[in-house]
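Architecture at a glance
One letter stands for each residue in the lines below.
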Amino acid sequence: MGISHDTSRFVCDNIARVWREHLRRQYPDAHTLVILCDGGGSNSSADRIVKQSLMDLANELGIRILLVHYPPYCSKFNPIEHRLFSQITRSWSGAPLLSLKDAANRAALTTTKTGLTEHVHINANTYNIKRQVDDSYQKRLARQVVFALTLSKWNYLVKPPN
């Protein structure tokens with residue numbers, strides 16, 4: 001959860017935090033992080049600033065990031081929509097959510113019979129919505145991003161430069 005704009009940098013900062021605090025220990029031999037996402041806003045498959053942020057993230061974490069975007073209007077098939085967000089909505093049901101902290105605390109209480117638990121963090125950083133693509137973008141894109149042969153518009157691998 002955040003207090004600022006939902007930008008690609010916001011998303012990447014949160015992915016980095018989750019990787020460092022949870023996933024890296026759970027999957028110490030992992031060399032690729034797979035992310036399923038819808039196609040709009042802060043993770044748009046067509047937005048250059050998103051790819052730039054992902055290249056920065058791959059550099060920072062030192063791992064490959066495989067992006068698999070759902071086609072437009074198909075995000076309802078993303079399992080996270082049903083397994084996570086629906087459970088959080090149930091936790092919020094009937095509770096007065098008077099602040100972001102109330103919403104975060106309530107979401108953190110979410111559990112399911114199958115063992116799902118939530119790790120909730122309030123990201124207090126401020127994110128600029130007018131960030132520009134770097135001059136080196138095209139050169140970095142050619143070196144760091146490999147577009148899939150099938151549905152290359154929506155599926156691509158972002159690798160660290162090394």
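Look up: the structure comes first, before these words.
A quick note: this is a predicted structure, and the numbers were derived from the prediction, not measured.

All right, on to the packing of aromatic side chains then. Each aromatic ring pair is characterised by the separation of its centres together with the angle its planes make. This structure, assessed with the given rule, holds two aromatic pairs. For the pair Phe 10 and Tyr 127, a centre-to-centre distance of 5.6 Å together with 75 degrees between the ring planes defines the contact as edge-to-face. Pair noted here: Phe 10 is in helix α1 (residues 8-26) and Tyr 127 is in the loop between α4 (100-108) and α5 (137-144), with a separation of 117 residues, a long-range link. Of the two residues examined, Phe 10 and Tyr 127, each falls in the buried class. Between Phe 147 and Tyr 156 the ring centres are 5.7 Å apart and the planes differ by 55 degrees, which places this aromatic pair in the tilted class. Residue classification places Phe 147 among the partly exposed positions, given a relative accessible area of 35%.

Between side chains of opposite charge, a pair can form as their charged atoms come close. Evaluated as defined, the whole model comprises five salt bridges. Put simply, Arg 9 and Asp 13 hold a salt bridge, and the shortest N to O gap is 3.0 Å. Of this pair, Arg 9 and Asp 13 both sit in helix α1, separated by four residues, roughly a single helical turn. Here Arg 9 falls in the buried class, since its relative accessible area comes to 17%. According to the relative accessible area criterion, Asp 13 is partly exposed, its value standing at 24%. In this structure, Arg 20 and Glu 60 form a salt bridge, with 2.6 Å as the shortest nitrogen-oxygen distance. Residue Arg 20 is located in helix α1, and its partner Glu 60 is located in helix α2 (residues 48-61); the two are separated by 40 residues in the primary sequence. Look at Arg 20 and you get partly exposed, because its relative accessible area is 33%.

Reading guide: rules and limits
Residues numbered from 1 in each chain as written. Predicted model: local features only at pLDDT ≥ 70, side-chain atom pairs only at ≥ 80, totals over all residues. Heavy atoms only, no water. Phe/Tyr/Trp six-rings, centres within 6.5 Å; stacked < 30°, edge-to-face > 60°. Helix = DSSP H or I, 4+ residues; strand = E, 2+ residues; numbered from the N terminus. Buried < 20%, exposed > 50% of the residue type's maximum accessible area, 1.4 Å probe, protein only. Salt bridge = Lys/Arg side-chain N within 4 Å of Asp/Glu carboxyl O.

Purely geometric stuff here, so don't read any function into it on its own.
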